[in-house]
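# Observations on the model geometry
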Amino acid sequence: MSGGIKSEGVNMVSEQYDVPDGIYSESLDNRLEVLRDYVRENPKEFNNGFVNLHIHTNESFSVFTSPTEAVFHAYQQDVKYFGINDHYTIAGHPEFRAACDIAGLRACFSMEAISMDRDAAGQNFRYNDPDNPGRIYIVGKGVTSSLNMGSTGWRNLSSILKNVRRRNEKIAKKLREYASSRGVNVDYSFDDALALTPRGITTERHVVQAFCMKIQSMGKTLEKQRELFYKITDVEFTEEKLKDVGALLDTVRALLTKAGKPCYVEEDPGSFTTIENLVGIYRELGAIPTYPMVGFPITEAESDLEELVKSVKSKGMYAFDMIERIDENRAKEIIDVAKDCGFPVFIGTEHNTKKMIPLVGKIGKNRVFLDYFIKSAHMVLGHQLLTELCNFGYIDEKGMPRIQDLREGFELFAHAGAMELDKEKIEELKSKTLTERKKFFGI
């Protein structure tokens, strides 16, 4: 498997962190070997057992240049339960698994995508995208298989990616043409955005980042760069912003490619599949369809948490994701409702920008919440384990919870996930009959 590390990652986002150079190697084998050496030379116990089950990597868009780099930072920050959660792809899962095995982290495998409720959009009703009524981010937590080529899920995901790529190609073209209209002729195309990805899955952020990098390459000095960006945007860029890839990217996006700006391209309706189709993709992936919470602002869908539970259950979702930007009072409200109905709550930080932030924030460190985050992590790890060994995932073949009483099911899967079986024990169980394996786990 190719690593796909690009030179934009090292100096621009991680220079202030003590990261061995080899973590940025183009070679996957080299990255893993560097991680292995680091772990051997810096052994540790996970004293807090922190949880982060929602981070993105370079396989979609991230400050992390590879899944291995993400695992390196998790190891340093005492994150015992770690989850990859890229947009529209599971391509990073094999590397993430290998790196977590080396570092002794318990790995969760997930994917994230966006669906659309067109009726809700027509009523200006918002779910978990405060700026876009009708859109719903949905996560598939605990991926246990891949999509078979030609399957319904495979066709739906392929269609989404095709439409997303078409829009990004149009944005790249508009950026080049707009810069030219402002007197800056830049040798830039969509291929430059593709070069920032390991497998050609681009986002709008890739398109803008590649554009910024091209402009910067035209100016050999910061003063020249400031002049070029001013000609394009009519905005004075500080030296600090020009050196901060995340701040530069966010500013240029806001000025040029957001709605109402000169390089904006309206999203094709085909970029968003239906909720039913996206939940179907996650079922094919053997994952638990999960609803990510906004936190703030409180949207129409999230104003009544008990009604939200009913709503997401009716759509085939049986868990909550919580991102660190939420505040503690709202986090408590969500966890209290989740406990009452038997929903796990998964905590994460996203890391889907070029800004390096801690992998554990104040919510993840809060001892009032941490036990439930750990139990929820055990639950999804139990789902992964029991699917592998017993063909007994949390969601059955019809998309319903395998155990009707959600709290009872939560306990069973969390118990299995808490066992922390080593590789030898798992191999031993694989040699037994399915009946014997189920008996071992009490199912």
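Everything below is about the structure shown above.
Along each chain, numbering runs from 1 in the same order as the chain's sequence is written. Restriction of local features to residues with pLDDT of at least 70 applies here, the model being predicted, together with a cutoff of 80 or more for giving and counting side-chain atom pairs; totals for whole chains, interfaces and linings are based on all residues. Heavy atoms throughout the structure, all of them, feed into the side-chain values; hydrogens and water do not.

This part takes up the overall build of the protein. Tallying secondary structure elements over the protein gives 19 helices and 7 strands in all. Its C-alpha atoms give the protein a radius of gyration of 22 Å, near enough to 22 Å, the size a compact globule of 443 residues would have. With respect to the principal axes defined by its C-alpha atoms, the protein has extents near 70 × 55 × 45 Å. Residue burial is assigned from relative accessible area. The probe radius is 1.4 Å, only protein chains are included, and a residue is buried under 20% of its type maximum, exposed over 50%, and partly exposed in between. Here the protein holds 443 residues, and the buried ones make up 55% of them. When checking whether two residues touch, look at their non-hydrogen atoms; a contact exists if any pair is within 4.5 Å. Of all intrachain contacts in the protein linking residues separated by at least 6 positions in sequence, the fraction that spans at least 24 positions is 74%. All accessibility values rest on the Shrake-Rupley procedure with a 1.4 Å probe; residue burial counts only the protein chains present in the view. Surface exposure of the protein reaches about 19200 Å², of which carbon and sulfur atoms provide 47%. Distance between charge centroids for the protein: 3 Å, based on 58 positive and 66 negative side chains. Runs of H or I in DSSP of at least four residues are treated as helices and runs of E of at least two as strands, each being numbered from the N terminus. Values of the radius of gyration come from C-alpha atoms, whereas the globule rule sets the reference at 2.2 Å times the count of residues to the power 0.38. When charges are counted, Lys and Arg contribute as positive and Asp and Glu as negative, whereas His and the chain ends are disregarded. By convention, charge coordinates are those of NZ in Lys, CZ in Arg, CG in Asp, or CD in Glu.

In space, the 7 strands of this open sheet follow the order S1-S2-S3-S4-S5-S6-S7, with mixed pairing throughout. Both edges of this open sheet fall to strand S1 (50–55) and strand S7 (345–348), since each of them pairs with a single strand only. The mean angle between the axes of side-by-side strands here comes to 30°, regardless of whether they run parallel or antiparallel. Here 3 bridges tie strand S4 (residues 135–141) to strand S5 (residues 288–293), and the two strands are oriented antiparallel to one another. Bridged to lysine 141 within S5 is isoleucine 288. One bridge is not enough; two strands pair if DSSP finds at least two bridges between them. Axis definition: a line fitted to C-alpha atoms, limited for helices to the stretch in contact. Angles are taken between N-to-C directions and run from 0 to 180 degrees.

This brings us to the pairing of strand S3 (residues 106–116). Remember that side chains alternate between the two faces of the sheet whenever the strand is regular. With 11 of its 11 residues buried, S3 lies for the most part within the structure. Of the two faces of S3, the one lined by Arg106, Cys108, Ser110, Glu112, Ile114 and Met116 and the one lined by Ala107, Phe109, Met111, Ala113 and Ser115 are each fully buried. Note that strand S2 (residues 79–87) and S3 share 7 bridges and pair parallel. Considered in S3, the bridge of phenylalanine 82 is made with alanine 107. Judged from the 7 bridges that link them, S3 and S4 form a sheet pairing that is antiparallel. Residue serine 115 lies in a different strand from S4, and its bridge partner there is isoleucine 136.

A few words now on the packing of helix H2 (residues 28–41) against helix H4 (residues 93–103). In contact at an axis separation of 9 Å, H2 and H4 are set at 20° when each is read in the N-to-C sense. The angle between H2 and H4 places the two elements in the roughly parallel class. H4 is crossed by H2, and the crossing has right-handed handedness. Each of Leu28, Arg31, Leu32, Leu35, Arg36 and Val39 in H2 lies in contact with H4, whose residues at this interface are Glu95, Ala98, Ala99, Ile102 and Ala103. Its residues assigned to classes, the contact of H2 with H4 shows 8 nonpolar, no polar and 3 charged. Angles are sorted into four bins: roughly parallel if under 35 degrees, roughly antiparallel if over 145, roughly perpendicular if 65 to 115, and oblique for all others. Note: crossing handedness is left-handed where the near helix turns anticlockwise from the far helix by less than a right angle, and right-handed where it turns clockwise. Note on residue classes: Ala, Val, Leu, Ile, Met, Phe, Trp, Tyr, Cys and Pro are nonpolar, Asp, Glu, Lys and Arg are charged, and everything else, Gly too, is polar.

Here we take up the packing of aromatic side chains. Side-chain rings of Phe, Tyr and Trp (the six-membered ring for Trp) are treated as a pair once their centres are within 6.5 Å; stacked means planes under 30 degrees apart, edge-to-face means over 60, and tilted covers the remaining angles. Tallied over the entire structure, the rule returns 15 aromatic pairs. Their ring planes at 35° and their centres at 5.1 Å tell us that phenylalanine 229 and phenylalanine 237 sit as a pair that is tilted. The exposure class assigned to phenylalanine 229 is buried, which follows from its relative accessible area of 1%. Overall, phenylalanine 237 belongs to the buried group, its relative accessible area being 1%. Judged by centre distance (5.0 Å) and plane angle (90°), the ring pair of phenylalanine 440 and phenylalanine 441 falls under edge-to-face. Ring-pair connections join several aromatic residues into one group, and the members of that group are Tyr38, Phe46, Phe72 and Tyr75. In our convention, an over-ring charge means Lys NZ or Arg CZ found within 6 Å of a ring centre and within 35 degrees of that ring's normal. Against the face of tyrosine 75 rests lysine 44, its NZ or CZ located 5.4 Å from the ring centre. Note that arginine 402 overlies the ring of phenylalanine 392, its terminal NZ or CZ placed 5.0 Å from the centroid.

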